[in-house]
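# Fold and contact review
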Amino acid sequence: MSTDSKAVNMPLDVAKWFVALAFLAAAVAGNYMYAEVGLLYRVLAVVALMLLGSGVALTTAKGQTFLQLLKDANIERRKVVWPTRQETTQTTMIVVAVVVIVGLALWGLDTLLGWLVKLLVG
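Scoring rules and cut-offs
Residues numbered from 1 in each chain as written. Predicted model: local features only at pLDDT ≥ 70, side-chain atom pairs only at ≥ 80, totals over all residues. Heavy atoms only, no water. Salt bridge = Lys/Arg side-chain N within 4 Å of Asp/Glu carboxyl O. Helix = DSSP H or I, 4+ residues; strand = E, 2+ residues; numbered from the N terminus. Buried < 20%, exposed > 50% of the residue type's maximum accessible area, 1.4 Å probe, protein only. Expected span 1.5 Å × (residues − 1). Lys, Arg positive; Asp, Glu negative; His and termini not counted. Polar contact = N/O pair within 3.5 Å; in protein donor to acceptor, adjacent residues only side chain to side chain. Contact = heavy atoms within 4.5 Å.

The subject of this paragraph is the pattern of salt bridges. Scanning all chains against the criterion turns up one salt bridge. Residue Lys 79 pairs with Glu 76 through a salt bridge whose shortest N-O separation is 3.3 Å. With Lys 79 and Glu 76 both in helix H3 (residues 61-79) and three residues apart, this pair spans about one turn of that helix. With a relative accessible area of 56%, Lys 79 lands in the exposed category.

In structure tokens, the structure reads:
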């Protein structure tokens, strides 16, 4: 994108952000104004207005950048090598064993310190 196209799109992007915020404000205000209407209809209206606002926001330059970030994150997520079931089970058992050992050590230390305080205080 050249600087000329950025300068042209900037006022349009600002207008789009205002429209997206207007949808958000309409969702909040409408939810309170129509409190007597059934909850299901209010939820559907709020979701619809939020989707419209999000759709408008995603057409801005920042929205396009965000979409590209999501696409890149999805590509990176696919590259992750997940542990096997056996590795997960072994790691979990190690964590449980360490927690039990540390718990017993802290219990023993607490008991010892409690006994020492009892000896000092009487």
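Okay, helix H4 (residues 85-121) next. For H4, built from 37 residues, the straight-helix expectation of 54 Å at 1.5 Å per residue is met to within 8% by its first-to-last C-alpha distance of 53 Å. The first or second residue beyond H4 is Gly 122, which carries a positive phi of 100 degrees.

Examined against the element boundaries, Arg 42 turns out to sit in helix H2 (residues 39-58). We note that Arg 42 is buried and unpaired, the nearest opposite charge coming from Glu 36 at a distance of 7.6 Å. Side-chain polar atoms of Arg 42 contact the backbone oxygen of Asn 31, separated by 3.5 Å. Those residues within four positions of Arg 42 in sequence are excluded, and the remaining contacts are Asn 31, Tyr 34, Ala 35 and Val 37.

So, on to the environment of Trp 17. Among the structural elements, Trp 17 can be located in helix H1 (residues 3-33). Under the relative-accessibility criterion, Trp 17 is labelled partly exposed at 36%. In sequence terms Trp 17 and Gly 53 are 36 residues apart; their C-alpha atoms lie 8.6 Å from each other. Ignoring any residue separated from it by four or fewer positions in sequence, one finds Trp 17 in contact with Ala 57, Thr 60 and Lys 62.

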